[in-house]
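# Secondary and tertiary structure notes
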Amino acid sequence: MATGTSHPTTSSWFVVLPDTDAVAGHAARLRSCASRELPHASGRPWLIGRWSARTLTTARCGGSRVAVIGQHAVTAEEAERAARTGSSAGVERVAARWPGSHHLLASLDGQVLVRGTVSGVRTVFFAAARPSRAHLASDRADVLADLVGADLDERRLAVQLLSPGILHPLTAQSVWHGVDVLPGDRRLQLDRDGCARTGRCWSPPPPELPLTEGARLVRDRLAAAVAARTGGHDLISADLGGVDSTAVVCTAVRAEVKLVAYTAAVHDVLGDDVAYARRTVEALGGVEHRVVPAQLVPLTFDGVDTLDDILDTPSLHTVNRHRRMYIVEQAARHGSPLHLSGMGGDELFSGASAHVHGLLARHPRTAWRHTRGFTSKHRWSRRAALRQLIDRQDYGSWLRLVARDLTCPQPDMSAPMFEWGIPPRLPPWATARAVDAVRDLVLEQAGTAKPLDTGHGGHRELATLRTLARFSRHVDQMSEPLGTTFASPYYDDALVEVALAVRPEERVTPWRYKPLIEEAMRGVVPETSRHRTTKAHAAFEEETGLRRHRASLLALWEDSRLDRLGLVDVDALRAWCLRPLAADLECALLHPTVGCEVWLRSRESRRSGEAPRSGDDTAPADVGRPGHAGRPGDGGRAGESSHGPLGAAETDAGGPTA
């Protein structure tokens, strides 16, 4: 079923075209709303879209072209060095040394290379163009879906109702027929006729590094990641809250970057973010610090019935849109071009206790010691823990159990976490049609799906990383129209790789809180903050938000789009929203459904006749010419926007790791 003739109003997007005349018609449609274009050596269009010149670096050498788009500090000379290799392998080899988060694109005598990032912050979507069947690629699923006239895949949309929304590979897939997601560990190559093939370009590193060596590398790579974004900026902003954002702020300050640090207070009297932030700022000296009182920060579910962000996929975190964006908006209002965050730190440094499952065969004494520690710390059932530890079923068998239990009650909070993942559930308001669709898709995948790593712990960490990284991508999409780039350095490939390379029994332990980042920040984070072992929670904000914004939540289900599609029982959904709900499980069931409903409404609300707003990105198409050295950290300027590529359109989720 088509979603309508809506067109995404986005600050930036690009489409990669193969070196063939077969996509000339699609290129012409793209030009109607694009502001920049780069050609293949043949002169045919290679890259069309809208992007800030600051985010792009390109180079050419003979018949080779290389482009880097995103948050980086790659110079034209470095890009040219990659282009001179003349091969995909050579380009990737040179680019592997570049810090930051970016898409890597190359046109090599008619062959096209497209790569994103392991985490998926820089995702690649690809689809076949009709009628030629030549493939196109883009950084936004909605732009590509509109261009090729893809219909909404209601079965895949039903998958997005799962809670928690972490189920590899289904929850990472696109919600359009024929629009595929390139996994972060693979490259996309288009030949001269536009035929697409993918190949593995990354594998999890062997977890063999000692903690001390890994800490040194984390410190160096975090410094490089921050520097890749902050160069050229006189003043930036950053979150200063938990352990991970504190490390980012201190790394930037030690490099003499001027920044304004923001800390949001919470209502919980045990929340100590503000206290630790003040200690940190006092020890660093010279850092401007702004504390946002808890009563000013929006609560969960605030304004969910009026959200109109154009995200390219549904977001699990829509319920906290205003809460997350409040500080970014404050920073943008004060002119910050770049906002640093600590997102991704939990996935890398808290890690997954499920590593114990694989550790049992290699180091049984250590494994049992860790098991006792985790079960005592989290008050898990020891009998259930033992049952999970001796379970040797493969990933496909685990998926079959997920399919069987889709409508069962959510796992109890005392359930251990040594399996392949937390078994996701569909909410009580999911219709039989939705349940059947999701069950069929899970069973289809059970026969062929492979885990992201050989062990339970590595798989869980990568699956969670890929799911939660989408939220960072969505926040960046929401921040771009404000003129502020949102950055999450921990999701950079270089940091992901080094963190996963550290021995899990040293990195993930019940007796130390995030030992890897604690050791890495020795001499960087003040000692008064480096040994912190607490983390603020927002259960009050969730439960109180439900009570205060219940009317907005109920209004969302008036003429529900999910109800129109037959995926939810709106009466059951409204009844659930009228109940008092616990934040940990019952409220969490609502998050994916709200994200899907808001996304469908925002897509529908855009009219094809809406005129583009003017802005910095209305420069002539040759501004992003080969050889232009883009600067990092500027995803767009205030007022920039564009529309989906069609003039007359054809119609077309997180939980804890450990």
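The model shown is predicted, which means the values in this text are computed figures rather than measured ones.

For the rest of this paragraph, the subject is the packing of aromatic side chains. Scanning the model with the defined rule gives 7 aromatic pairs in all. With a centroid separation of 6.5 Å and an interplanar angle of 25°, the aromatic rings of Phe374 and Trp380 are classed as stacked. Note on accessibility: Phe374 and Trp380 belong to one class, buried. Ring geometry for Trp429 versus Trp576: centroids 5.5 Å apart, planes at 65°, classification edge-to-face.

Across the interface, helix H6 (residues 211-230) lies against helix H17 (residues 493-501) with an axial gap of 9 Å and an inter-helix angle of 170°. Here H6 is positioned roughly antiparallel relative to H17, judged by the angle of their axes. Here H6 contributes Gly214, Leu217, Val218, Arg221, Leu222 and Ala225 to the contact with H17, which in turn contributes Ala494, Leu495 and Val498. Counted by class, the contact of H6 with H17 contains 7 nonpolar, 1 polar and 1 charged residues.

The next thing to look at is empty space enclosed by the protein. The gaps of empty space that remain are located by a probe, the size of a water molecule, rolled over the atoms. There is about 140 Å³ of room inside the second largest cavity. In terms of lining, the second largest cavity is formed by 14 residues, of which the most central are Ile166, Trp420, Gly421, Ile422 and Thr464. Where the lining of the second largest cavity is concerned, the elements lending two or more residues are helix H14 (395-404) and helix H16 (456-479). When residues in the lining of the second largest cavity are grouped by element, the largest group, 4 residues, is from H16.

A sheet is described by the order of its strands in space; here 6 strands give the open sequence S4-S5-S6-S7-S11-S12, paired in antiparallel fashion. Only two strands of the sheet have a single neighbouring strand rather than two, namely strand S4 (56-61) and strand S12 (196-200). Between one strand and the next, the sheet's axes are offset by a mean angle of 20°, whatever the strand orientation. Two strands pair when backbone bridges link them, and strand S7 (residues 111-115) and strand S11 (residues 186-190) are joined in this way by 3 bridges, in the antiparallel orientation.

A cis amide bond, omega -5°, links Ser163 with the succeeding residue Pro164. The omega torsion across His168 and Pro169 is 0°, close enough to zero to call that bond cis. Tracing the backbone shows Pro169 in the loop between helix H5 (154-159) and strand S10 (179-182).

This next bit is on the pattern of salt bridges. Scanning the model with the defined rule gives 39 salt bridges in all. For Asp19, the salt bridge goes to Arg44, with nearest N and O atoms at 3.0 Å. One end of the pair, Asp19, is in the loop between strand S1 (13-16) and helix H1 (24-31); the other, Arg44, is in the loop between strand S2 (36-39) and strand S3 (45-50), and 25 residues separate them in sequence. Using a relative accessible area of 28% as the deciding quantity, one classes Arg44 as partly exposed. Across the pair Glu604 and Arg564 runs a salt bridge, and its minimum N-O distance is 3.4 Å. Taken together, the residues span a long stretch of sequence, with Glu604 in helix H25 (residues 583-605) and Arg564 in helix H23 (residues 561-564) at a distance of 40 residues. A relative accessible area of 25% places Glu604 in the partly exposed class. Residue class for Arg564 comes out partly exposed when judged on its relative accessible area of 46%. Through salt bridges with shared partners, a single network forms among Asp244, Asp346, Lys514 and Lys535.

Rules used in this analysis
Residues numbered from 1 in each chain as written. Predicted model: local features only at pLDDT ≥ 70, side-chain atom pairs only at ≥ 80, totals over all residues. Heavy atoms only, no water. Phe/Tyr/Trp six-rings, centres within 6.5 Å; stacked < 30°, edge-to-face > 60°. Buried < 20%, exposed > 50% of the residue type's maximum accessible area, 1.4 Å probe, protein only. Axes fitted to C-alpha atoms, helices over the stretch in contact; angles between N-to-C directions. Helix = DSSP H or I, 4+ residues; strand = E, 2+ residues; numbered from the N terminus. Parallel < 35°, antiparallel > 145°, perpendicular 65-115°, else oblique. Contact = heavy atoms within 4.5 Å. Nonpolar A, V, L, I, M, F, W, Y, C, P; charged D, E, K, R; others polar. 1 Å grid on protein atoms, 1.4 Å probe; cavity = no way out; pocket = protein on both sides within 12 Å on 5 of 7 lines; lining within 4 Å. Points joined across faces, edges and corners; volume = space filled by probe spheres on them. Pairing = 2+ DSSP bridges. Salt bridge = Lys/Arg side-chain N within 4 Å of Asp/Glu carboxyl O.

Any functional reading would require information that these geometric values do not contain.
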